[in-house]
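Here are the chains, one letter per residue:
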Amino acid sequence: DTGVSQDPRHKITKRGQNVTFRCDPISEHNRLYWYRQTLGQGPEFLTYFQNEAQLEKSRLLSDRFSAERPKGSFSTLEIQRTEQGDSAMYLCASSPRTASSGNTIYFGEGSWLTVV
Amino acid sequence: AQTVTQSQPEMSVQEAETVTLSCTYDTSESDYYLFWYKQPPSRQMILVIRQEAYKQQNATENRFSVNFQKAAKSFSLKISDSQLGDAAMYFCAFQGGSEKLVFGKGTKLTVNP
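Rules of the game
- Residues numbered from 1 in each chain as written.
- Chains lettered and ligands numbered in written order.
- Predicted model: local features only at pLDDT ≥ 70, side-chain atom pairs only at ≥ 80, totals over all residues.
- Heavy atoms only, no water.
- Disulfide = S-S within 2.5 Å.
- Helix = DSSP H or I, 4+ residues; strand = E, 2+ residues; numbered from the N terminus.
- Buried < 20%, exposed > 50% of the residue type's maximum accessible area, 1.4 Å probe, protein only.

J.: Lay out the state of the cysteines in plain terms, naming residues and giving numbers.
T.: The bond known as a disulfide is covalent and runs between the sulfur atoms of two cysteines. According to the stated counting rule, one finds two disulfides over all chains in the structure shown. Cys23(A) shares a disulfide with Cys92(A); S-S distance 1.8 Å. Negative torsions about the S-S bond denote left-handed disulfides, and the value of about -70 degrees found for Cys23(A) with Cys92(A) makes this one left-handed. Taken together, the residues Cys23(A) in strand β3 (residues 19-24) and Cys92(A) in strand β9 (residues 88-95) connect sequence positions 69 residues apart. Note on Cys92(A): relative accessible area 0%, which makes it buried. The disulfide partner of Cys23(B) is Cys92(B), and the S-S distance across this bridge is 2.0 Å. Judged by the sign of its S-S torsion, about -70 degrees, the bond between Cys23(B) and Cys92(B) is left-handed. With Cys23(B) in the loop between β3 (19-21) and β4 (24-26) and Cys92(B) in strand β10 (residues 88-95), this pair connects stretches of sequence that are 69 residues apart. Its relative accessible area of 1% is what places Cys23(B) among the buried residues. Residue classification places Cys92(B) among the buried positions, given a relative accessible area of 0%.

J.: Any details on unusual backbone geometry? Residues and values, ideally.
T.: All names here are of chain A. Going from Asp7 to Pro8, the amide bond is cis rather than trans, its omega being -5 degrees. Inspection of the secondary structure assignment puts Pro8 in the loop between β1 (5-7) and β2 (10-13). Backbone geometry at Arg81 places phi at a positive 50 degrees, although glycine is not the residue there. The residue Arg81 is located in the loop between β8 (75-79) and β9 in this model. Using a relative accessible area of 45% as the deciding quantity, one classes Arg81 as partly exposed.

Given below as structure tokens:
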């Protein structure tokens, strides 16, 4: 069990560029979540998948944001036409869907995005 | 919609002493989970302790324990015998039927030697 892995860990991009983040969940975890965290705030929910199905999206997820989990394993979060307000840490998390887990969600180390 | 409130932006404690972090939440659901997560500087979010709402007994994990008051919608975290490594941001989180976690704004804990 290697934990939730995110790549890249840091990304600096110019306003208007597209960026993509990848998340590899813990093996056999069928739920995968994306959160956004700005400095001094708690994480805010963006979206989550059960296997390859995207079950819920937050209103925070504007049409410039798209998330996929094509084979029910890794996931990508793409931000198109980045804006300075997109600067934040993007956290990925996963959980197993078993009764014994108590729905505990495990987080990765996050991907820092700076839009300049 | 559920909300989670952490009224203490910052707290400090002397090494080896005990500190309590406060958390209140608002929900109309009866079945849910509550969590405390720890986030050290530039490090990942780590689960500290979890409480199932249907359990009356307060959860305990080594030096960490909670005081869960369901009627008052209160979920405080007590850290006993504080250690320097306990210094971090602590987030209280709620998880109901929608599966997603709703976080408070966090409490920054400083441990003084």
